[in-house]
Amino acid sequence: MDIQAIKNRFGIIGSSPALNYALQVAVQVANTDLTVLINGESGVGKEVFSQIIHALSARKHNPFIAVNCGAIPEGTIDSELFGHEKGSFTGAVDSRKGYFETVNGGTIFLDEIGEMPMGTQARLLRVLETGEYIRVGSSKVQKTDVRVVAATNRDLLERTQQGKFREDLYYRLNTVPIRVPALRDRKEDIPLLFRKFSVDFSEKYKTPSIQLDEEARNILVNYPWRGNIRELKNIAEQISVLSSDKLVTANDLKRFLPDQPEVNRLPMLAAPQQSNDFNSERDILYKLFFDMKKDVTEVKKMFFDILQNPTMAHTAEYHADNHVLHSYPAASEMNTPASPGLNNAQPIILSDNKIDHHEEVEETLSIADKEKELIVKALKKHKGKRKDAALDLGISERTLYRKLKEYNIAE
Ligand SMILES: Nc1ncnc2c1ncn2[C@@H]1O[C@H](COP(=O)(O)OP(=O)(O)OP(=O)(O)O)[C@@H](O)[C@H]1O
Ligand SMILES: [Mg+2]
């Protein structure tokens, strides 16, 4: 089947060679009964691969079920997968069929397989090798015909070395490995995905679709995206909702990206389309100028805050610490001649016009309010679990922690 047709059918965006290769393997293996292990970082889109494999197989009219092994308590996972007999454990008031029984003839997607308890792994190995399983609390061996597709964002081989994953099961599962590439390894797909999500969210929120200017696009493409597509989607949603301006500049974008040093160091240098020395040098100068302008605005804001409200002095210092000082790429990192006095340049430009700076303050505060609101909402949604809230917000836990302090949010 044509790869493009599959992308259309399953809503997959991207055309990088690594993604195409992964899809090609999925298509080739779909119509066999081989076990497939899908590997890739969190948020790369592993789940859709299991659906493709099922939908293109001879089992497509039979059931498909996705089971998240990391979300089922250790005490009940055996019973969920293989069923149990009445009275086999406290609370087992009835007998129950497991998924390997109900999905007979179909496909089971075992997501987060790396989290599966060792005891369950032994049962799984048996069913994979012989098609046999036993309900919990029973002694009767039953037969089933289920195709298993598994996924993990962990290094399973490392888990086997730590004694947390059975080596025999690892090799049995890994009959056909599919590696779904991280977003940073298919940078060419980032603008496409961002555009798709912007359009989706503009429809959802009935707002005009956002667009990135050239520099913002460079930052987006060179950002490390540790949360991959999930994180990109989250950021696109936040910007769609919160950005007052539909043309998003680098400065606007940076407000939404978790504070990671790579962002400040790489953008222009790692930009793929640098054609000649003149261009790249001009880009670097432009970048330095741009960063200086941003920092000047921040310093002005800081002073404005202090003038308005002297008791805020220490908050302003905090801002200076986190945004202004860290946002300079070190001259050595930028691989350019050192710019003497760059850091010292701030106070000199401080006497600049006040009007512009007043506007900036107004806008920043409203974004901050919205940001605070979103953080509080996310924490509430995830019952105070910072890790989950940070994932949902598309920021790192460290950034969330900093923002909690910055906004003085009590948990
Ligand atoms: N190529 C793609 N085009 C458009 N959207 C995608 C694509 N790949 C993934 N997505 C979207 O990205 C999000 C993350 O995908 P998914 O949940 O499959 O990640 P995952 O690899 O299973 O991550 P985890 O290991 O954390 O479970 C989903 O909302 C999915 O719809
Ligand atoms: Mg998943």
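Data block above holds the structure.
Our subject in this report is the structure included herewith. (Residues numbered from 1 in each chain as written. Chains lettered and ligands numbered in written order. Predicted model: local features only at pLDDT ≥ 70, side-chain atom pairs only at ≥ 80, totals over all residues. Heavy atoms only, no water.)

Time to look at the overall build of the chain. Helix and strand counts for the chain stand at 19 helices and 9 strands. When the 411 residues of the chain are sorted by exposure, 47% land in the buried category. Within the chain, residue pairs in contact and separated by at least 24 positions form 73% of the contacts whose partners lie at least 6 positions apart. On the chain, roughly 21,300 Å² of surface is accessible, and the fraction owed to carbon and sulfur atoms is 52%. (Helix = DSSP H or I, 4+ residues; strand = E, 2+ residues; numbered from the N terminus. Buried < 20%, exposed > 50% of the residue type's maximum accessible area, 1.4 Å probe, protein only. Contact = heavy atoms within 4.5 Å. Areas by Shrake-Rupley, 256 points an atom, 1.4 Å probe, with all protein chains shown as cover.)

Here lysine 7 lies in helix α1 (residues 3-10). For lysine 7, which is buried and forms no salt bridge, the nearest opposite charge comes from aspartate 189, at a distance of 7.1 Å. With near-sequence residues (within four places) excluded, lysine 7 lies in contact with Ile12, Gly14, Ser15, Asn20 and Leu23. (Lys, Arg positive; Asp, Glu negative; His and termini not counted. Salt bridge = Lys/Arg side-chain N within 4 Å of Asp/Glu carboxyl O.)

What follows deals with the sheet that holds strand β2 (residues 64-68). What the 5 strands build is an open sheet, ordered β2-β3-β6-β1-β7; its pairing is parallel. The open sheet has two edge strands, β2 and β7 (176-179), and neither has a second partner. Strand-to-strand twist in this sheet, taken as the mean axis angle between neighbours without regard to direction, amounts to 20 degrees. Against the sheet, helix α2 (residues 17-30) touches β1 (36-39), β6 (147-152) and β7, its axis set at about 150 degrees to β7. Helix α3 (residues 47-55) contacts β1, β2, β3 (107-111), β6 and β7 of the sheet and is inclined by roughly 170 degrees relative to β3. (Pairing = 2+ DSSP bridges. Axes fitted to C-alpha atoms, helices over the stretch in contact; angles between N-to-C directions.)

By the burial criterion, the buried members of α1 are Ile3, Ile6, Lys7 and Phe10. Viewed end-on, α1 has its buried residues packed into an arc of 100 degrees, placing them on one side of the element. Check the buried side of α1 and you find it contacts α2 and α3. Looking at the residues trailing α1, positive phi occurs at glycine 11, about 65 degrees. (Arc of directions from axis to C-beta.)

Next up on the list: unusual backbone geometry. A positive phi angle, near 55 degrees, is found at lysine 206, a position not held by glycine. With respect to the helices and strands, lysine 206 occurs in the loop between α9 (190-205) and β8 (211-212). A positive phi angle is found at lysine 383, which is not glycine, with a value near 50 degrees. With respect to the helices, strands and loops of the structure, lysine 383 is situated in the loop between α17 (354-381) and α18 (386-393). Judged by its relative accessible area of 76%, lysine 383 is exposed.

This part covers helix α11 (residues 228-242). Helical geometry: 3.6 residues make up each α-helical turn, so side chains three or four residues apart lie on a common side. In a regular helix each residue adds 1.5 Å, so 15 residues correspond to 21 Å; α11 covers 21 Å between its end C-alpha atoms and thus fits that length. Among all positions in α11, only Asn228, Ile229, Glu231, Leu232, Asn234, Ile235, Ala236, Gln238, Ile239, Ser240 and Leu242 are buried. (Expected span 1.5 Å × (residues − 1).)

Its location among the elements puts isoleucine 52 in helix α3. Judged by relative accessible area, isoleucine 52 falls into the buried class, the value being 0%. Sequence spacing of isoleucine 52 and alanine 26 is 26 residues, and the spatial spacing of their C-alpha atoms is 7.2 Å. The residues touching isoleucine 52, leaving out its near neighbours within four places in the chain, are Ile6, Phe10, Ile12 and Leu23.

The N-to-C vectors of α18 and helix α19 (residues 397-406) enclose an angle of 100 degrees; their axes lie 9 Å apart at closest approach. In terms of orientation, α18 lies roughly perpendicular with respect to α19. On α19, the residues touching Arg386, Lys387, Ala389, Ala390 and Leu393 of α18 are Glu397, Leu400, Tyr401 and Leu404. For the contact of α18 with α19, a count of residues per class yields 6 nonpolar, no polar and 3 charged. (Parallel < 35°, antiparallel > 145°, perpendicular 65-115°, else oblique. Nonpolar A, V, L, I, M, F, W, Y, C, P; charged D, E, K, R; others polar.)

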